[in-house]
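Residue strings, one per chain:
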Amino acid sequence: MAHLLVYFYKLKPEVKEKFLEISAQTNKKFQEYGGVTEQIFKLSTSPKNYGISSISEKLHVEEDEELWIGLLRFQSEEHARITMEDFDRDSEVNELLNEFVVHVAPLEKLVFGEFVSGQEVVTV
């Protein structure tokens, strides 16, 4: 079953370019170690709320912040474990993490979760 790591980033707009630069470098490393895909999206403002809470409200995104999401996809939980063990041991990746903390956002501005697919959806 597919496995997904999800990161929410609460960022100041002025660090966007540095964020995307570091993300591009870490994505290369992620793929070197066997990760399937990494995608990054910025939350768009939508007038629709369907009567439910918004993500930005629940994550307490400040007026002067943007919310970004990073999705790292793996073939399975085991694949994620193996890939991330190698990824986390890489000294270049650790340098990029330090650069992220110094120039983009402190770690408390990130929210993380792991998701396992309940079922695979097949379309014909």
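Attention here is on the structure that accompanies the text. (Residues numbered from 1 in each chain as written. Predicted model: local features only at pLDDT ≥ 70, side-chain atom pairs only at ≥ 80, totals over all residues. Heavy atoms only, no water.)

Observations regarding helix α1 (residues 16-32)
A turn of α-helix holds 3.6 residues, and therefore any two residues three or four places apart point the same way.
Stage number 1. Look at α1: 24 Å from first C-alpha to last across 17 residues, which is about the 24 Å you get at 1.5 Å a residue.
Stage number 2. Among the residues of α1, F19, I22, S23, T26, N27, K29 and F30 are the ones counted as buried. For α1, the angular spread of the buried residues around the axis is 165 degrees, confining them to a single face. Among the exposed residues of α1, those pointing more than 90 degrees away from its buried face are E17, K28 and E32.
Stage number 3. Packing partners of the buried residues in α1 comprise β1 (3-11), β2 (37-42), β3 (66-74), α3 (77-89) and α4 (91-103).
Stage number 4. Where α1 ends, the next residue or the one after it, G34, has phi of about 105 degrees, a positive value. (Helix = DSSP H or I, 4+ residues; strand = E, 2+ residues; numbered from the N terminus. Expected span 1.5 Å × (residues − 1). Buried < 20%, exposed > 50% of the residue type's maximum accessible area, 1.4 Å probe, protein only. Arc of directions from axis to C-beta. Contact = heavy atoms within 4.5 Å.)

Description of the environment of H60
Stage number 1. Here H60 lies in the loop between α2 (55-58) and β3.
Stage number 2. When its relative accessible area of 57% is taken as the criterion, H60 is described as exposed.
Stage number 3. Placed 50 residues apart in sequence, H60 and K10 show a C-alpha to C-alpha distance of 9.0 Å.
Stage number 4. The residues contacting H60, other than those within four sequence positions of it, are K10 and E65.

Re the pairing of β1
Stage number 1. Counting buried residues in β1 gives eight out of nine residues, a clear majority hidden from the surface.
Stage number 2. Of the pairings in the sheet, the one linking β1 to β3 comprises nine bridges and is antiparallel in character. The partner of L11 across the bridge, within β3, is E66.
Stage number 3. Note: β1 against strand β4 (residues 110-116), seven bridges, orientation antiparallel. Residue pairing across strands places Y9 opposite L110, the latter belonging to β4. (Pairing = 2+ DSSP bridges.)

Considerations on the sheet that holds β2
Stage number 1. The sheet built from four strands is open, its strands ordered β2-β3-β1-β4 with antiparallel pairing. Strand pairing shows two members of the sheet lacking a second neighbour, β2 and β4, which therefore form its edges. The sheet shows a mean angle of 15 degrees between the axes of neighbouring strands, direction not considered. (Axes fitted to C-alpha atoms, helices over the stretch in contact; angles between N-to-C directions.)

Regarding the packing of aromatic side chains
Stage number 1. Scanning the model with the defined rule gives eight aromatic pairs in all.
Stage number 2. Both rings, one in Y7 and one in F112, keep their centres 4.9 Å apart while their planes meet at 45 degrees; by these two values the pair is tilted. Taken together, the residues span a long stretch of sequence, with Y7 in strand β1 and F112 in strand β4 at a distance of 105 residues.
Stage number 3. Of the residues examined, Y7 reaches a relative accessible area of 19% and is grouped as buried. (Phe/Tyr/Trp six-rings, centres within 6.5 Å; stacked < 30°, edge-to-face > 60°.)

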